[in-house]
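# Coordinates in review
Next come the chains, spelled out residue by residue.
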Amino acid sequence: MSRPLDIGIGQIKGLLLKMGKISVDATRQALDGFYKHEDNYAEVKMWSNTVQMLAEEVEDRATELIALNQPMASDLRILKAYIKIAYDLERYGRYAMDISEIRHRIGQWSDIDDDRLTLKELGEAALKVMEMSLKMIETMDETMIFELSKIEASTDDMYFENLKNLSKCKGDPVAIVANLLTIRYLERLADHGSYIAESISYAATGKRISIR
Amino acid sequence: MSYQINEELLRFRPKMAQDKVIFNDFNLWYGEKHALIDINIAVKSNIVTAFMGPSGCGKSSLLRGINRMNDIIPVARSTGEVLIDGKNIMGSGINVYDLRKRVGMVFQRPNPFPMSIYDNIAYAPLLHDVAEEEELDKIVENSLRGAALWDEVKDRLDDSAFSLSGGQQQRLCIARALSINPDIILMDEPCSALDPIATIKIEALMRELKEKYTVVLVTHNLQQAARVSEMTAFMYIGEIIEFGATRDIFENPREELTEKYITGRFG
């Protein structure tokens with residue numbers, strides 16, 4: 001027999017996965033627009049706002065479950081983790097919006113022809129971290145944190161490498177600014193993926209692991 | 001400005017508190033029923049320690065081991081030691097009346113004596129011969145103050161104790177326990193018959209009492225244990241399954257059985 005708390009926790013998990021799916025799709029769409037110089041800000045912003053609304057819904061439902069059921073042990077850890085994860089997923093959506101906003105705000109630019117820049121690879125790695133973090137929410141498999149942290153570390157490396165190379169770049173200043181902002185947002189997206197992994201690890205084991 | 005944040009600050013770890021009550025290989029039988037099995041725990045001084053577990057797990061029996069209340073059950077027998085301040089209270093030569101002066105007890109239902117508020121408090125000091133009559137007024141006042149009841153009853157001390165509300169009656173019983181100046185206060189589900197407001201007052205009182213006394217609480221209410229205690233023991237069928245810092249027990253219990261019990265996945 002399911003406890004009412006199980007039903008509530010399951011519903012929140014469903015909301016988180018929905019937020020995550022929208023955020024990943026929005027990030028992919030924002031990057032696609034960036035690469036193709038297309039302004040898709042309005043649509044990505046709409047998805048970001050949807051994720052934000054869902055985050056508020058998660059917070060409300062989790063608070064209500066805590067107040068009404070006074071959960072303990074793994075139940076309490078899961079709800080604490082879910083509240084934190086809702087914020088991280090909200091940030092996913094916001095960074096997707098920020099990426100799409102670059103093209104919308106600063107207009108067109110000429111692509112930089114420099115083989116040292118690896119923005120697309122960084123984008124794929126950040127998306128990989130995001131997808132893995134969603135898999136962790138779905139499966140509660142805390143062991144994935146180690147693989148995720150390796151990929152997240154690679155995004156840090158790529159970010160600093162791109163930062164260095166962009167600082168020496170002689171291309172279109174608008175393009176340099178657009179690329180700088182985007183690599184920063186991608187690095188932050190991956191950071192939030194690692195925070196989600198830490199939250200799942202805590203919820204599953206009760207032990208706090210930091211991979212930052 | 002620098003802040004030093006360490007594990008002691010983040011989590012309650014009563015390492016520095018002294019052991020007040022120690023159970024050493026303590027076993028208790030009621031006739032053939034083995035009610036407490038190989039109990040080995042130390043209750044620290046000046047904190048609230050909670051015993052929790054399902055009905056019949058032995059938590060009240062364990063509590064009554066601290067003031068030898070199990071002695072009054074004819075079929076009860078025990079082995080092992082219960083040390084209070086290092087002295088085995090199960091040993092021969094222990095005067096249980098003296099012991100119970102040091103260990104006050106509050107029961108599930110308020111049980112004031114059928115006498116005035118004043119006499120309820122004065123009765124025990126007179127019985128135990130710990131006070132002269134002229135000292136009684138002070139003892140009554142101090143005990144009622146200690147139980148956070150003085151301001152509510154100071155103008156009607158001659159009224160019957162039964163004229164008080166349930167929550168006030170329970171605090172009167174706590175005041176009665178304090179009147180003989182004990183070291184330890186045992187509370188056996190002290191709020192189970194009280195409404196939420198009275199419960200909050202008793203819980204606030206527990207937090208104050210631990211400054212002067214060692215408080216041991218039996219409760220069915222997990223949230224109450226989480227709110228008021230620093231250490232918690234989870235018991236099941238006569239055994240201590242897990243004993244540790246309350247925050248650890250309720251956030252990240254070591255034992256699967258504890259986890260199942262406190263998350264309601266039991267049975």
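Anyway, here's the lowdown on the structure attached to this text.

When helices and strands are tallied, chain B shows 11 helices and 10 strands. Judged by the C-alpha coordinates and their principal axes, chain B covers about 55 × 55 × 40 Å. Burial status across chain B gives 52% buried among its 267 residues. Pairs at least 24 residues apart make up 67% of the contacts formed inside chain B by residues separated by at least 6 positions. Only carbon and sulfur atoms are counted for the fraction: they give 50% of the accessible area of chain B, which is about 12,800 Å². Each charge sign in chain B was given a centre, from 30 positive and 38 negative side chains, and these centres are 4 Å apart.

A separate point is the environment of Asn-40 of chain A. All names here are of chain A. As for its placement among the helices and strands, Asn-40 is situated in the loop between α1 (4-36) and α2 (41-69). Among the residues examined, Asn-40 registers a relative accessible area of 13% and is labelled buried. When the C-alpha positions of Asn-40 and Arg-116 are compared, they lie 27 Å apart, and in sequence the two are 76 residues distant. Residues within four places of Asn-40 in sequence aside, it is in contact with Gln-29, Ala-30, Gly-33 and Ser-100. A polar contact is formed between the side chain of Asn-40 and the backbone oxygen of Gln-29, at a distance of 2.8 Å.

Attention now goes to the interface of chain B and chain A. The interface is formed by 13 residues belonging to chain B together with 15 residues belonging to chain A. When the area that chain B buries against chain A is broken down by residue, the three leading residues are Gln-223, Glu-251 and Asn-252 of chain B, summing to 45%. Summed over the shared surface of chain B and chain A, the number is 4 salt bridges. Put simply, Arg-265 of chain B and Asp-75 of chain A hold a salt bridge, and the shortest N to O gap is 3.1 Å. Only α9 (222-228), α10 (246-251) and α11 (256-262) of chain B provide two or more residues apiece to the side of chain B that touches chain A. With 4 residues, α9 of chain B is the largest single contributor of residues to the side of chain B that touches chain A. Its residues placed into classes, the side of chain B that touches chain A shows 5 nonpolar, 4 polar and 4 charged.

Residue and element names in this part refer to chain B. Pairing within the open sheet is antiparallel, and its 4 strands lie in the order β2-β1-β4-β5. Where the open sheet ends on each side, the last strands, each with one partner, are β2 (33-44) and β5 (87-88). By the bridge criterion, 8 bridges tie strand β1 (residues 19-30) to strand β4 (residues 76-84) in an arrangement that is antiparallel. Residue pairing across strands places Val-21 opposite Ile-84, the latter belonging to β4.

Quick look at the environment of Arg-207 of chain B now. Within the secondary structure, Arg-207 of chain B is located in helix α8 (residues 196-209). Placed 22 residues apart in sequence, Arg-207 of chain B and Ser-229 of chain B show a C-alpha to C-alpha distance of 8.4 Å.

Counting residues in hydrophobic clusters, the biggest one holds 68 residues, and the most contacted among them are Leu-16, Met-19, Ile-85 and Leu-89 of chain A. Listing elements by their share of this core, those giving two or more residues are α1, α2, α3 (73-106), α4 (119-139), α5 (144-167) and α6 (173-205) of chain A. When residues of this core are assigned to their parent elements, the largest contribution, 13 residues, is made by α3 of chain A. Judged by nonpolar contacts, the second largest core, of 47 residues, contains Val-106, Ala-147, Ala-161 and Ala-198 of chain B.

In the case of a regular strand, side chains alternate between the two sheet surfaces. Residues and elements named next belong to chain B. Where strand β9 (residues 231-236) lies against strand β10 (residues 239-245), 6 bridges are found, and the strand directions are antiparallel. What sits directly across from Met-235, in β10, is Ile-240. Hairpin connection, β9 to β10: the antiparallel pair is bridged by 2 residues, and Ile-237 has positive phi, about 45°.

Residue and element names in this part refer to chain B. The mixed open sheet is built from 6 strands, whose spatial order is β6-β7-β8-β3-β9-β10. Unpaired on one side and paired on the other, β6 (103-106) and β10 mark the two borders of the sheet. Adjacent strand axes in the sheet meet at a mean angle of 15°, parallel and antiparallel pairs treated alike. Packing of helix α7 (residues 166-178) onto the sheet brings it into contact with β6 and β7 (184-188), and relative to β6 it is tilted by some 170°.

Another aspect to go through is a nonpolar patch on the surface. Residues and elements named next belong to chain A. Taken together, the side chains of Ile-106, Val-177 and Leu-181 make up a nonpolar region of the molecular surface, amounting to roughly 210 Å² of accessible area. When you line up the elements, Leu-181 lands in helix α6. Under the relative-accessibility criterion, Leu-181 is labelled partly exposed at 33%.

The subject of this paragraph is α7 of chain B. One full turn of an α-helix is made of 3.6 residues, so residues set three or four places apart face in the same direction. All names here are of chain B. Between its first and last C-alpha atoms α7 spans 19 Å; for 13 residues at 1.5 Å apiece the expected length is 18 Å, and the two agree. With 12 of 13 residues buried, α7 is to be regarded as a mostly interior element. Looking at α7, one finds that the buried residues are Gly-167, Gln-168, Gln-169, Gln-170, Arg-171, Leu-172, Cys-173, Ile-174, Ala-175, Arg-176, Ala-177 and Leu-178. Buried residues along α7 sit in contact with β6, α4 (117-127), α5 (136-146), α6 (150-153), β7 and α8.

A few words now on the pattern of salt bridges. Under the definition given, this model contains 31 salt bridges over all chains. Between Glu-251 of chain B and Lys-80 of chain A there is a salt bridge whose closest N-O contact spans 3.6 Å. One end of the pair, Glu-251 of chain B, is in helix α10; the other, Lys-80 of chain A, is in helix α3, on a second chain. Residue classification places Glu-251 of chain B among the buried residues on the basis of a relative accessible area of 6%. Arg-188 of chain A serves as the salt-bridge partner of Asp-191 of chain A, at 2.5 Å between the closest nitrogen and oxygen. Of this pair, Asp-191 of chain A and Arg-188 of chain A both sit in helix α6, 3 residues apart, roughly one helical turn.

Before going further, it helps to examine the packing of α4 of chain A against α6 of chain A. All names here are of chain A. Between α4 and α6, whose axes approach to 9 Å, the crossing angle comes to 20°. Between α4 and α6, the interaxial angle falls into the category roughly parallel. As for the relative orientation of α4 and α6, their crossing is left-handed in sense. Residue-level inspection shows Leu-119, Leu-122, Gly-123, Ala-126, Val-129, Met-130, Ser-133, Met-136 and Ile-137 of α4 in contact with α6, the latter providing Asn-179, Thr-182, Ile-183, Leu-186, Leu-189, Ala-190, Gly-193, Ser-194, Ile-196, Ala-197 and Ile-200. Tallied by class, the residues present in the contact of α4 with α6 amount to 14 nonpolar, 6 polar and no charged.

Basis of the calculations
Along every chain, residues carry numbers that run from 1 in the direction the sequence is written. To read the labels, note that chains go from A and ligands from 1, taken in the order they are written. Whole-chain, interface and lining totals are the exception, using all residues; otherwise, since this is a predicted model, local features are given only for residues with pLDDT of at least 70 and side-chain atom pairs are given and counted only at 80 or more. Excluded from the side-chain calculations are hydrogens and water; all other atoms, namely the structure's heavy atoms, are used. Comment: elements are numbered from the N terminus, with helices defined as DSSP H or I runs of at least four residues and strands as E runs of at least two. Partly exposed describes any residue whose relative accessible area lies between the buried limit of under 20% and the exposed limit of over 50%, with all areas from a 1.4 Å probe on protein chains only and scaled to the type maximum. The contact definition used throughout considers only heavy atoms, calling two residues in contact when any of these lie within 4.5 Å. Note on areas: these come from Shrake-Rupley sampling with a 1.4 Å probe, and a residue is covered only by the protein chains present in the view. In this tally Asp and Glu are treated as negative and Lys and Arg as positive; neither His nor the chain ends contributes. Just so you know, the charge point we use is NZ for Lys, CZ for Arg, CG for Asp and CD for Glu. Contacts described as polar in this section are N or O atom pairs within 3.5 Å, which, within protein, must combine one atom able to donate a hydrogen with one able to accept it, while residues neighboring in sequence count only if both atoms come from side chains. The term buried area refers to how much accessible surface (probe radius 1.4 Å) is lost by two components on association, counted for both of them together. Any Lys or Arg side-chain nitrogen found within 4 Å of a carboxyl oxygen on Asp or Glu counts as a salt bridge. As a working rule, the residues Ala, Val, Leu, Ile, Met, Phe, Trp, Tyr, Cys and Pro are called nonpolar, Asp, Glu, Lys and Arg charged, and the rest polar, with Gly in that last group. We treat two strands as partners when DSSP finds at least two bridges between them. Side-chain atoms within 4.5 Å link the members of a nonpolar core, which is a set of buried Ala, Val, Leu, Ile, Met, Phe, Trp, Tyr and Cys residues. Structural elements are reduced to axes, namely lines fitted to C-alpha atoms, with helices fitted over the stretch in contact, and the angle between N-to-C directions of any two is expressed from 0 to 180 degrees. Like charges are joined within 9 Å and nonpolar side chains (Val, Leu, Ile, Met, Phe, Trp, Tyr) within 5 Å, but only among residues with over 30% relative accessible area and no salt bridge; these make up the patches. Expected helix span is given by 1.5 Å per residue-to-residue step, counting one fewer step than there are residues. To sort the angles, those under 35 degrees are grouped as roughly parallel, those over 145 as roughly antiparallel, those from 65 to 115 as roughly perpendicular, and the leftovers as oblique. In this scheme the handedness of a crossing depends on how the near helix is turned from the far one: anticlockwise by less than a right angle means left-handed, clockwise means right-handed.

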